[in-house]
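# A closer look at the structure
Spelled out from the first residue to the last, the chains are:
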Amino acid sequence: MRNLNSPSLTLSRDTLQDALTLASWSPSVIADAQLCLVELISNAWRHGDTPSPGVVILFRGNTLRVGVSDRSSALPEPRSLDPLSESGRGLHLVAGLTHRWGVSPQKLGKIVWFELDGDA
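All of the points below concern the structure found in this document. (Residues numbered from 1 in each chain as written. Predicted model: local features only at pLDDT ≥ 70, side-chain atom pairs only at ≥ 80, totals over all residues. Heavy atoms only, no water.)

Before going further, it helps to examine the sheet that holds strand β1 (residues 54–60). The sheet built from four strands is open, its strands ordered β1-β2-β4-β3 with antiparallel pairing. Each having just a single partner strand, β1 and β3 (100–105) make up the two edges of the open sheet. When the angles between neighbouring strand axes are averaged without regard to direction, this sheet yields 20°. One ladder, built from seven bridges, connects β1 with strand β2 (residues 63–70); its direction is antiparallel. (Pairing = 2+ DSSP bridges. Helix = DSSP H or I, 4+ residues; strand = E, 2+ residues; numbered from the N terminus. Axes fitted to C-alpha atoms, helices over the stretch in contact; angles between N-to-C directions.)

The following block contains the structure:
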């Protein structure tokens, strides 16, 4: 897995924060969105065989949609929660912090996305 302090991850996190701050979203929702973004990028590195995943940040009305693309066609599935496991909670975290999440298969790979409805 890549370093969670990599320049591309920092840029993605900062870009998301700037966009949500400009849209007057609350700091707690911004933090949740950033955490979910980090999780999806980490999954693209770890499971998606993608050293530089693509990140798309979209606003549709009052809804934020963040997508992370990778090269793997394998669809993510939340694992059974094991209290002793050191991994496997990421998609549960994304599901718990967002309003919706899903996967859009692409010609090459997929986009894993989440949505948050605005609180502004």
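With that out of the way, let us pick up the environment of Ile 57. Mapped onto the elements of the fold, Ile 57 is located in strand β1. Look at Ile 57 and you get partly exposed, because its relative accessible area is 26%. The sequence separation of Ile 57 and Ala 19 amounts to 38 residues, and the corresponding C-alpha distance is 8.6 Å. Dropping the residues within four chain positions of it, Ile 57 is found in contact with Thr 15, Leu 16, Leu 64, Arg 65 and Val 66. (Buried < 20%, exposed > 50% of the residue type's maximum accessible area, 1.4 Å probe, protein only. Contact = heavy atoms within 4.5 Å.)

As enumerated under the stated definition, the model contains one aromatic pair in all. With a centroid separation of 6.2 Å and 70° between ring planes, the pair formed by Trp 25 and Phe 59 is classed as edge-to-face. With Trp 25 in the loop between α1 (7–22) and α2 (27–47) and Phe 59 in strand β1, this pair connects stretches of sequence that are 34 residues apart. A residue is classified by how much of its surface remains accessible, and Trp 25, at 6% relative accessible area, is buried. Given the relative accessible area of 36%, Phe 59 is considered partly exposed. Residue placement shows Arg 65 over the ring face of Trp 113; its charged tip is 3.8 Å from the ring centre. (Phe/Tyr/Trp six-rings, centres within 6.5 Å; stacked < 30°, edge-to-face > 60°. Lys NZ or Arg CZ within 6 Å of the ring centre and 35° of its normal.)

Counting 22 residues, the largest nonpolar core has Leu 64 and Phe 114 as the members making the most contacts within it. Those elements that provide at least two residues to this core are α1, α2, β2, α3 (90–97) and β4 (110–117). It is α2 that provides the largest number of residues to this core, a total of ten residues. Every residue in contact with Leu 64, bar those within four places of it in the chain, is listed here: Leu 16, Leu 20, Trp 25, Ala 33, Ile 57, Leu 58, Phe 59, Phe 114, Glu 115 and Leu 116. (Core = buried A, V, L, I, M, F, W, Y, C linked by side-chain atoms within 4.5 Å.)

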